[in-house]
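The chain contents come next:
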Amino acid sequence: MLLLRWLWIGNGNDGEIPPIAVFWTLRVLMFIISFVLEDWAIHELVQKPRNRRVAVLLVASSYVTWTFQTHTFSNSIETLIVAWCLVLIERIVASPQQSSVLASAVLGFLAMFGVFNRITFPAFVLIPGIRLVPYYWKHPGSLAMIVLAGAYTAFFATAVDTAFYAKHSISWSDLIYHPVLTPLNNLLYNIQPSNLAQHGLHPRYQHLLVNLPQLLGPAIILLFTRPHRSFHLYSAISGIFVLSILQHQEARFLLPTIPLILSSIRLPKKETTLRVWVVSWIVFNLIFGTLMGVYHQGGIIPAQVFMSRQPDATQAVWWKTYMPPVWLLNGKNEVLRTRDVMGMDGDLLLQELTQLATCDTPADRRNMEYLKEKNGTYLIAPLSASWLDPYLQNKGLEGLRFREVWRYEKHLNLDDLDFAEDGFWNTIARVVGRRGLAIWRVTKSCRK
């Protein structure tokens, strides 16, 4: 960020860097880091040159690499940590007669960082990690180093989390008696079905039968017909198994498995079959790259930038979208309260909006005078949320009034696919045919 600030000032710009500039810088940085570190890890994990070339090409051409991995998702970071933990495990096991103090220290740091990043991380390194038991039995010095490095990382991460969530300056007594243990809190939250229900419950086969094919496409066939058995493939399998136990299953949870699987499959031998597979692989990644990289929840960032420029905005209710990044509000978050109500029931949403809506005035209906008001309530929701339709047309004197002030067409809410209730074609017509994200200014009638 310091380098970005120097470049910003060097180009003749004054003041603070706009959050949107930081956002795109982080996207480019994650893109570069993912390509470099993923390719490097694959070069070390795949031993045979021919298999290595195929693995690197498959990972680089996968839409997962150039869409999901360019985001600052904790899953994207977990992907890199898992890959490099496996690399370090391979390095340590490859030299059983030598002491690997440095590699053990780095592994201890990465492993604990991975746990604090996502509690699902141990699921991916459990089976490969078993290979380290005989090594550390013979090298207690290296064992001590990995424990010390992990303990120091855990202490530092706990101190940072405690300081972040505390409402006062922390002391040693806070770290000893009232530490904030993020992984433990995360685990306790996720083992409660009622908590997971707020984010959506899925059948336990969701990862295997829906999410994995969605991420791998034609490569899923080769996973079952032409796999190359390796410990990084076993790492992916163990991760999928553990993640399938929990009932909230999003496709991005499986990101760490994708480079591990793509580097553990072999291409078809027959030339005709190979050509068909390559064409299907290219088409699949172009379609899903456009879908997930451009349209899926694509309106959230532009919508948040718009909200940062609304002078009257004091309440923003986001419905049926991903949680918006509040830091993009460019300081307006001090006066603008963002409420992420996720998939709240429609009737409860109306109650929430009724409490927050400001009183309607004639100026609200004719011009932009509402921007001069001190308070304003806004609803941000996908156009595919057809439940809102009867209320959006209200022009009477009673009830809530919705005035559309912004619309973005390149937005799809793929988390709102309800085939069971609406049927296949009706769902596609609603979600795809009515794609887009809109912002409404919400007011209500107030009796004087």
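Residues numbered from 1 in each chain as written. Predicted model: local features only at pLDDT ≥ 70, side-chain atom pairs only at ≥ 80, totals over all residues. Heavy atoms only, no water.

J.: Whenever I open this one, unusual backbone geometry confuses me. Can you help?
T.: With the exception of glycine, most residues fall at negative phi, and the peptide bonds are largely trans. The phi torsion at Q297 lies on the positive side, around 55°, for a residue other than glycine. Its place among the elements puts Q297 in the loop between α17 (271–295) and α18 (300–307). Owing to a relative accessible area of 8%, Q297 belongs among the buried residues under this scheme. The phi angle at K320 is positive, at roughly 60°, despite the residue not being glycine. Inspection of the secondary structure puts K320 in the loop between β1 (315–318) and β2 (337–340). (Helix = DSSP H or I, 4+ residues; strand = E, 2+ residues; numbered from the N terminus. Buried < 20%, exposed > 50% of the residue type's maximum accessible area, 1.4 Å probe, protein only.)

J.: What should I look at first to understand helix α23 (residues 424–431) in this one?
T.: Because each turn of an α-helix spans 3.6 residues, side chains separated by three or four positions in sequence point in the same direction. Buried within α23 are the following residues: T427, R430 and V431. Across the axial projection of α23, the buried residues extend over an arc of 85°, all falling on one side. (Arc of directions from axis to C-beta.)

J.: Just to check I follow, could you spell out the nonpolar core for this structure?
T.: Side chains of a nonpolar character, in soluble globular proteins, are inclined to be buried together. Ranked by internal contacts, the top residues of the largest apolar core, which has 56 residues, are L107, L216, I261 and L262. Ranked by residue count, the leading element in this core is helix α5 (residues 74–94), at 10 residues. Among all residues touching L107, those that are not within four sequence positions of it are C85, L88, I89, I92, L132, Y136 and I146. The next biggest cluster of nonpolar side chains, apart from the first, holds 19 residues, and it includes V341, L349, L350 and W440. (Core = buried A, V, L, I, M, F, W, Y, C linked by side-chain atoms within 4.5 Å. Contact = heavy atoms within 4.5 Å.)

J.: Help me understand helix α19 (residues 346–356), please; the structure alone is not making it clear to me.
T.: Of the positions making up α19, those classed as buried are G346, L349, L350, E352, L353 and L356. Looking straight down α19, one finds its buried side chains confined to an arc of 160°; they lie on one side. Near the N-terminus of α19, the side chain that reaches the backbone nitrogen of D347, with its oxygen 3.2 Å away, is that of D345. (Polar contact = N/O pair within 3.5 Å; in protein donor to acceptor, adjacent residues only side chain to side chain.)

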